[in-house]
Amino acid sequence: MRARGAWVLVVMLVPVCLTGCTSGTGDAGEPQHRATASARPGRTPAGEKKLAAQAQAALDAVSAQDASAVESGVERVSEGIHTEPGTRSGGVYKLTVVCAGQGTARITFTPGKQARAKAVPCDRSEVFERFTGTRGVRIDVDGDAGATGMIAWRINRV
């Protein structure tokens, strides 16, 4: 009887675990994008948390996270941002980037015909770049040598 009782318990808990681990909050078929820090939970130094909060607050002050938001995040300057956003070909988008920390980061688009590389000072000022969605567009934001801190970013449809 003990083996059967344990089996029933396992059968009952598996769906609960799967539901809790995989459920989303959006409509079916919609990608779920949300800002996240790149560090493992519980291992983020207090300084990084503070810089991430400052960068996110500055970003939120100028770029609303509304229905036009396509993708966003918060990353360490040392790791950078590397994304191929799900943009529609021919659609117009605005990338907003805020860096909190020290030094400078650079925004680059591939293919390069989208826009020239643009500097992002890590002083919590906002940097905007409009671009047209094309197939295979890639956005990279990399810190210059010695740059430290956190980068908050968001892509919105215009």
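Turning to the overall build of the protein, a few remarks are in order. In terms of regular secondary structure, the protein is built from two helices and six strands. Reading the helices (α) and strands (β) of the protein from amino to carboxyl end gives α-α-β-β-β-β-β-β. Residue pairs at least 24 apart in sequence account for 77% of intrachain contacts in the protein once pairs closer than 6 positions are excluded. In the form shown here, the protein has an accessible surface area of approximately 9,700 Å², with 54% of it arising from carbon and sulfur atoms.

On any regular strand, side chains alternate: one points to one face of the sheet, the next to the other face. Here strand 2 (residues 81-83) runs beside strand 5 (residues 138-143); their pairing, made up of three bridges, is antiparallel. Among the inter-strand pairings, Ile81 is bridged to a residue of strand 5, identified as Val141. In this sheet, strand 5 lies alongside strand 3 (residues 92-110) in antiparallel orientation, the contact comprising six bridges. Residue Ile107 lies in a different strand from strand 5, and its bridge partner there is Val141.

To continue, consider the packing of aromatic side chains. For the coordinates displayed, the defined rule picks out two aromatic pairs. Both rings, one in Phe109 and one in Phe131, keep their centres 5.1 Å apart while their planes meet at 50 degrees; by these two values the pair is tilted. Of the two residues, Phe109 sits in strand 3 while Phe131 sits in strand 4 (residues 118-132), which places them 22 residues apart along the sequence. Relative accessible area serves as the criterion here: at 3%, Phe131 is assigned to the buried category. Three or more aromatic residues joined by ring pairs make a cluster, and in this case those are Tyr93, Phe109 and Phe131.

Moving on, we get to the pattern of salt bridges. Side chains that differ in charge, positive against negative, can pair when their charged atoms come close. The tally for this structure, following the rule as stated, stands at seven salt bridges. Between Arg138 and Glu84 there is a salt bridge, with its nearest N and O atoms 3.9 Å apart. One end of the pair, Arg138, is in strand 5; the other, Glu84, is in the loop between strand 2 and strand 3, and 54 residues separate them in sequence. A salt bridge links Asp140 to Arg138; its shortest N-O distance comes to 3.1 Å.

Under the counting rule described, the total for this entry stands at one disulfide. Through a disulfide, Cys99 is tied to Cys122; the S-S separation comes to 2.1 Å. Across the S-S bond linking Cys99 and Cys122, the dihedral sits near 75 degrees, which makes this disulfide right-handed. In this pair, Cys99 sits in strand 3 while Cys122 sits in strand 4, placing the two residues 23 residues apart along the sequence. Look at Cys122 and you get buried, because its relative accessible area is 5%.

How each quantity is defined
Residues numbered from 1 in each chain as written. Predicted model: local features only at pLDDT ≥ 70, side-chain atom pairs only at ≥ 80, totals over all residues. Heavy atoms only, no water. Helix = DSSP H or I, 4+ residues; strand = E, 2+ residues; numbered from the N terminus. Contact = heavy atoms within 4.5 Å. Areas by Shrake-Rupley, 256 points an atom, 1.4 Å probe, with all protein chains shown as cover. Pairing = 2+ DSSP bridges. Phe/Tyr/Trp six-rings, centres within 6.5 Å; stacked < 30°, edge-to-face > 60°. Buried < 20%, exposed > 50% of the residue type's maximum accessible area, 1.4 Å probe, protein only. Salt bridge = Lys/Arg side-chain N within 4 Å of Asp/Glu carboxyl O. Disulfide = S-S within 2.5 Å.

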